[in-house]
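Structural overview for review
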Amino acid sequence: MKRRTWIHAVTRWTGAVVLAMPVLTGTAQAQAYPSKPIRFLVPFTAGSGTDLIARTVGDAMSRSMGQPIVVENRPGAGGSLATAQVARGEADGYTVLIPSSSHAVNPAIYSNLTYDTVRDLTGITPLAALPNVMVVSPARGWKTVADVLAAARARPGQLNYASAGVGSATHLNAEKFKLQAGFDAQHIPFKGTPEALADVMGERTDWYFSPLSSALPLIRENKVVALAVSTSQRTSALPQVPTTVEAGVPGSDFVFWVGMIVHAQTPTAIQQRLHAEALKALADPEVKERLTRLGAEPYPMQPEAFNAFIRTEMDAAARIAKAANLKGQ
C-alpha cells in the first residue's frame, strides 16, 4: 500500500515537471535569444526610406542585443516577395520583416499572395512615421501643387508619376492624391525610391511622392523641388512646405510608416524581447537624432495596438484600391 502511494506521488510529481517544461523551455529560449545574427529583411532597395530606418534602428538594437543585425534588401511586388519569405520561413525570430505601409496595401491589389497578412504574420511595433513629399524636377518650372494640377488638367492623362513599385506606399499615396484632386495621370513603377527619384531628376517622369528621408538631401541640393508633404501637418524638416491639404486637395493626407513584423508562430518570449529592444532603440537619443535628420519620428506601439492598426490600414487601402481600380502585376 505504501509502495503504491509512493509510485502515485512520484507519477504526479513527474507529470507536474512535464507540464512545467514548456514554461521553462520558453524562458530558456528567451534568455538564449539571440545566439546568432538576426536578418532584417527590407522589401525595398537600399537607400529607400524603409531601408534607412531599418539600418538606423538595427544599429542600436545590434549593440544592445550583442549580435549583428544584417539588413537584406529584397525588393519586388510592392514588398510582398520579402513578406512571403518571412511568412514561409522559420518562426524563430532570426528573420524579421521591416515593411512600410505597403504591407497593408498588398492584400487589396494582389490576388495571388502566398500568405495571409493577418493569420501568418504578427506585428512587433511600428518603428517610425514620416511624410512623403511630392517632388518635381526644377526644370519643370512648377512651384506649387496648383501648377501640377493645372498642367494635368490641361493635358488629361498625359502627365506621369513615379512610384517605388505597384502597391508600394508611394503608389497608394499618389493614387489617393489623384482621386481627391480629380485628375488622371500615368503610373510608372520602379524598383525602389532611388530609381524613382533619378527618373524625376532626369525629367522622364513628372512627379513622385518620395519618402522624406530619401528626398531631403536632393531637396537641399536643389536637385528636386518639394511642393507638398503628405501628412496632415507640416514637418519640422521642411517647415516652409505646405501639406497637400493646405495646397488645395482635401482628404489627400497620407502617413508613410515603417514597422517590425515576424512570423505569427514566433515564440511569445522572443516577440517580447524584440519589442522591448525596438522600443529601447527608439528611445535612444542618437537614434532619435538620426530619425529627425531623416524627417522621421519614432512611432512605437504595443503589439496588440499595432496589429489592430494594420487591420485598419488594410481596410483603408482596400477602399482606395477599389476606387482607383488598382491591380498588382
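It should be noted that the structure appears before, not after, this text.
Residues numbered from 1 in each chain as written. Predicted model: local features only at pLDDT ≥ 70, side-chain atom pairs only at ≥ 80, totals over all residues. Heavy atoms only, no water.

**As for the overall build of the chain**
Put simply, the rule reads: Segments assigned H or I by DSSP are reported as helices when at least four residues long, segments assigned E as strands when at least two residues long, and all are numbered from the N terminus. A contact between two residues is defined here by any heavy atoms of the two lying within 4.5 Å. Only the protein chains shown count as cover for residues, with accessible areas throughout obtained via the Shrake-Rupley method and a probe of 1.4 Å.
Counting its secondary structure elements, the chain contains 11 helices and 11 strands. For the chain, the share of sequence-separated contacts (at least 6 apart) that also reach a separation of at least 24 residues comes to 78%. Carbon together with sulfur atoms contributes 54% to the accessible area of the chain, which is approximately 14800 Å² in total.

**Some thoughts on the sheet that holds strand 9 (residues 225–229)**
To be explicit about the condition: Strands qualify as paired when DSSP identifies two bridges or more between them. Between N-to-C directions, angles cover 0 to 180 degrees, with each direction set by a line fitted to C-alpha atoms, over the stretch in contact for helices.
Pairing is mixed in the open sheet, where five strands are placed in the order 7-6-8-5-9. Edge positions in the sheet fall to strand 7 (186–189) and strand 9, since each of these pairs with one other strand and no more. In this sheet, neighbouring strand axes are inclined to one another by 30° on average, regardless of whether the strands run parallel or antiparallel. Where strand 5 (residues 132–136) meets strand 8 (residues 207–211), four bridges bridge the pair, whose relative direction is antiparallel.

**Quick look at unusual backbone geometry**
The condition is simple: A simple rule labels every residue: compare its accessible area, found with a 1.4 Å probe on the protein chains alone, to the largest value its type can have, and call it buried under 20%, exposed over 50%, or partly exposed in between.
Here the bond from Y33 into P34 is cis, since omega is -5°, no more than 30 degrees from zero. Summarising the element assignment, P34 is placed in the loop between helix 1 (2–32) and strand 1 (38–42). Here the phi dihedral of N325 falls at roughly 55°; this positive angle occurs in a residue that is not glycine. Locating N325 in the fold gives a position in the segment after helix 11 (303–324). Overall, the relative accessible area of 59% leaves N325 in the exposed class.

**Examining the pairing of strand 9**
A large share of strand 9 lies buried, amounting to four of its five residues. Pairing of strand 5 with strand 9 involves four bridges; the strand directions are antiparallel. Residue pairing for strand 9: V135 is matched across the bridge by A226.

**Observations concerning empty space enclosed by the protein**
Selection rule: Buried and open spaces are told apart on a 1 Å grid over the protein atoms alone, a cavity being a set of points where a 1.4 Å probe fits but cannot get out and a pocket being an open set with protein on both sides within 12 Å along at least five of seven lines. Residues with an atom within 4 Å of a point are the lining residues. Grid points are joined across faces, edges and corners, and a volume is the space filled by probe spheres set on the points.
On inspection of all chains with the given rule, the structure shows one cavity of 30 Å³ or more. In this model, the largest cavity occupies a volume close to 70 Å³. Contributing to the lining of the largest cavity are 14 residues, with F44, A164, T170, T193 and F256 lying nearest its centre. Sorting the residues of the lining of the largest cavity by element identifies helix 2 (49–65), helix 6 (169–181) and strand 8 as the ones contributing at least two each.

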